[in-house]
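Structural features, examined
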Amino acid sequence: MTTRSILLISFDFPPSQSSSGMLRIVSFARALLAAGWSVTVLTADRRDATASKAENEHLIPPECQVIRARAYDAAQKFSIAGKYPGILELPDRFSSWIPFAVVAGMRHLRRAPVSTILSSYPIASAHVVGCALARFSGAKWIADFRDPMVLDGHPNTPARRRAHRRGERTTMKHCKMALFTNQTVRDVFHARYPQSAGTGFEVIENGYDDVVFARAETLYRQQRSAAPRREVTLLHSGSLYPDHRDPRALFSALSAMQRRGLFAAKPLRVVLRASGYEARFRQLIARDYPELAEIVQFGAPVDYVSSVAEALASDGLLLLQGASCNAQVPAKLYEYARTGRPILALTDAGGATAATLRKLGVREFADLRDPQAIENLLCAFMERLPAGNWQGWVPDVDTAALARSHRGAELVSLLEGIE
């Protein structure tokens, strides 16, 4: 065993297309390899990766060893008429991954012991695997929580909330260091676990991926040579959880503007890419907002490079984050910031998302629950569009500091400082 060897445990890893948060582990792997560490990633089998896209394979660092373990999605594999036993989703619906991953990890650690293990949420079973392998090997265990495992109403069943609480307590009891994506989440955990004096509480923010942006900018330049479009395009890229990123107030604001004829001179197109709830939102629009049928479009998931290229080509970028997630900051915020496109943030003024936006110099946003405030924001956006004066809508700081390569370097520094 070398003193600079690590096993990274993450359910989502390329070619997975789960969320841009997956790139956090990729950036950690790149930075550790560049610093001379030996890096192995334990992840789900390609057949079981969420929303897998072969185009994402290029994101895997070539020097990184990848071990893949089977994982069955209970919602697909064991569902009958859309239902399956609740025990199969404890702590998450990929819990079948735990025995496969533990066995695969033990096999690897017998051959190549490591000094450090890092497991990464938001798939809770990753911490279960991390705990088992750390206790088996004696390696230092780092728990990358990113966000709280338990919030009001999350997870969405009492049994899963209890399982997540147990998992969170166990993880905090045994890990050497806990990582979070912003200071607010760190403070939440510090208040929850004041007895964890021997555990380091550290913040490594999310960011944008340098490699993805380099490729996306090339693709954007190639696509820009095509005929210019007539309509104004607003984009939201990623999940729209009905409980935490509810778009109904947005739909209401758009509906009011459409009825007033505000899009007659300059047509508007709102693209909701990979929302995860397309059928539900289509039904909502057909029932309550039929006038938006030609305005709101639902796009299928695309690979990360294409997703960022689409953001670069958009006139404005929608960011939705409800008050129930006030302790969290969406990873896409950093990607949006890097594009230089105006950000139309619909979020609670008192949350961590709004605080991060203000820190970056973005001061124009509206409450996700307030249709009138959203309408005012959209009208202001349309008025500014001809002049392109986006002060207060785009960052006024150097976005190079938001790169995930910097976040990876922060991790290296933290790990090399652990005794």
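Everything discussed here concerns the structure shown above.
The notes below deal with the structure included here. (Residues numbered from 1 in each chain as written. Predicted model: local features only at pLDDT ≥ 70, side-chain atom pairs only at ≥ 80, totals over all residues. Heavy atoms only, no water.)

Below, the discussion takes up the pattern of salt bridges. Applying the stated criterion across every chain, the model contains 20 salt bridges. A salt bridge links Asp-209 to Arg-30; the nearest nitrogen and oxygen atoms lie 2.9 Å apart. Taken together, the residues Asp-209 in the loop between strand S7 (200–203) and helix H7 (210–224) and Arg-30 in helix H1 (residues 23–34) connect sequence positions 179 residues apart. Classification of Asp-209 by relative accessible area gives buried; the value is 1%. Residues Arg-273 and Glu-310 are paired through a salt bridge, measuring 2.7 Å at the closest nitrogen-oxygen approach. Here the residue Arg-273 occupies a position in strand S9 (residues 268–273), and Glu-310 occupies one in helix H10 (residues 304–313), the gap between them amounting to 37 residues. No difference in accessibility class separates Arg-273 from Glu-310, as the two residues are buried. Overlapping salt bridges bring together Arg-24, Asp-144 and Arg-146 as one network. (Salt bridge = Lys/Arg side-chain N within 4 Å of Asp/Glu carboxyl O. Helix = DSSP H or I, 4+ residues; strand = E, 2+ residues; numbered from the N terminus. Buried < 20%, exposed > 50% of the residue type's maximum accessible area, 1.4 Å probe, protein only.)

Turning to H10, a few remarks are in order. Burial runs high along H10: 8 of the 10 residues are buried. For H10, the complete set of buried residues consists of Tyr-304, Val-305, Ser-307, Val-308, Ala-309, Glu-310, Ala-311 and Leu-312. Tucked into the core, H10 has its buried residues touching H1, H7, strand S8 (232–237), S9, strand S11 (316–321) and helix H11 (332–339). If you check the start of H10, you find a side-chain oxygen 3.2 Å away from the backbone N of Val-305, and it comes from Asp-303. (Contact = heavy atoms within 4.5 Å. Polar contact = N/O pair within 3.5 Å; in protein donor to acceptor, adjacent residues only side chain to side chain.)

Further remarks concern the packing of H11 against helix H12 (residues 352–360). The geometry of H11 relative to H12 is characterised by a closest axis approach of 11 Å and an angle of 25° between their N-to-C directions. Judged by the angle between their axes, H11 and H12 are roughly parallel. Regarding H11 and H12, the two cross each other, and that crossing is right-handed. Only Thr-353, Thr-356, Leu-357 and Leu-360 of H12 make contact with H11, whose side of the interface consists of Leu-333, Tyr-334 and Ala-337. Looking at the contact of H11 with H12 residue by residue, the class counts come to 5 nonpolar, 2 polar and no charged. (Axes fitted to C-alpha atoms, helices over the stretch in contact; angles between N-to-C directions. Parallel < 35°, antiparallel > 145°, perpendicular 65-115°, else oblique. Left-handed = near helix turned anticlockwise from the far one by under 90°. Nonpolar A, V, L, I, M, F, W, Y, C, P; charged D, E, K, R; others polar.)

Here we come to the nonpolar core. Leu-8, Leu-32 and Val-39 are the most contacted members of the largest nonpolar core, which has 57 residues in total. Counting residues per element, this core draws most heavily on H1, at 8 residues. In contact with Val-39, other than residues within four places in its own chain, are Ile-6, Leu-8, Ala-29, Leu-32, Leu-33, Cys-64 and Gln-65. Counting 40 residues, the second-largest nonpolar core is a separate cluster that includes Ala-69, Ala-126, Ala-178 and Phe-189. (Core = buried A, V, L, I, M, F, W, Y, C linked by side-chain atoms within 4.5 Å.)

Bringing the sheet that holds S7 into the picture now. In space, the 7 strands of this open sheet follow the order S3-S2-S1-S4-S5-S6-S7, with parallel pairing throughout. Of all the strands in the sheet, the pair left with one neighbour each is strand S3 (65–69) and S7. Strand-to-strand twist across the sheet, computed as the mean angle between neighbouring axes with direction ignored, equals 20°. Of the pairings in the sheet, the one linking strand S1 (residues 5–9) to strand S2 (residues 38–44) comprises 5 bridges and is parallel in character. Looking at the pairing, Ser-5 lines up with Ser-38 of S2. Contacting strand S5 (140–146), strand S6 (177–180) and S7, helix H6 (residues 183–192) runs over the sheet at an angle of about 165° to S7. (Pairing = 2+ DSSP bridges.)

Let us now look at the environment of Asp-288. Note that Asp-288 resides in helix H9 (residues 278–288). Taking the C-alpha atoms as reference, Asp-288 lies 36 Å from Leu-90; in sequence the two are 198 residues apart. Within polar-contact distance, the side chain of Asp-288 engages the side chain of Arg-287 at 3.0 Å.

The next point concerns helix H4 (residues 125–137). Here H4 is 13 residues long and its end C-alpha atoms lie 18 Å apart, about the 18 Å a rise of 1.5 Å per residue gives. Within H4, the full set of buried residues consists of Ser-125, Ala-126, His-127, Val-129, Gly-130, Cys-131, Leu-133 and Ala-134. Elements in contact with the buried residues of H4: S1, S2, helix H3 (97–111), strand S4 (116–120), S5 and helix H5 (158–174). Positioned one or two residues after H4, Gly-138 has a phi angle of 80°, which is positive. (Expected span 1.5 Å × (residues − 1).)

Bringing unusual backbone geometry into the picture now. Geometrically, the link from Pro-14 to Pro-15 is a cis peptide bond, its omega value of 15° lying close to zero. Positionally, Pro-15 belongs in the loop between S1 and H1. Positive phi is not limited to glycine here, since Arg-146 has a value of about 65°. One non-glycine residue, Ala-274, lies in the positive phi region at around 55°. Counting through the fold element by element, Ala-274 comes out in the loop between S9 and H9.

As a further point, take the pairing of S9. Most of S9 sits inside the fold, with 5 of its 6 residues counted as buried. Two strands pair when backbone bridges link them, and S8 and S9 are joined in this way by 6 bridges, in the parallel orientation. Paired with Leu-235 across the two strands is Val-271, which belongs to S9. Between the parallel pair S8 and S9, the chain is carried across by helix H8 (residues 248–259), and the sense of this crossover is right-handed. (Right-handed = clockwise from strand over helix to strand, strands pointing away.)

So, to be careful, I would describe these as geometric facts and stop short of saying anything about function.
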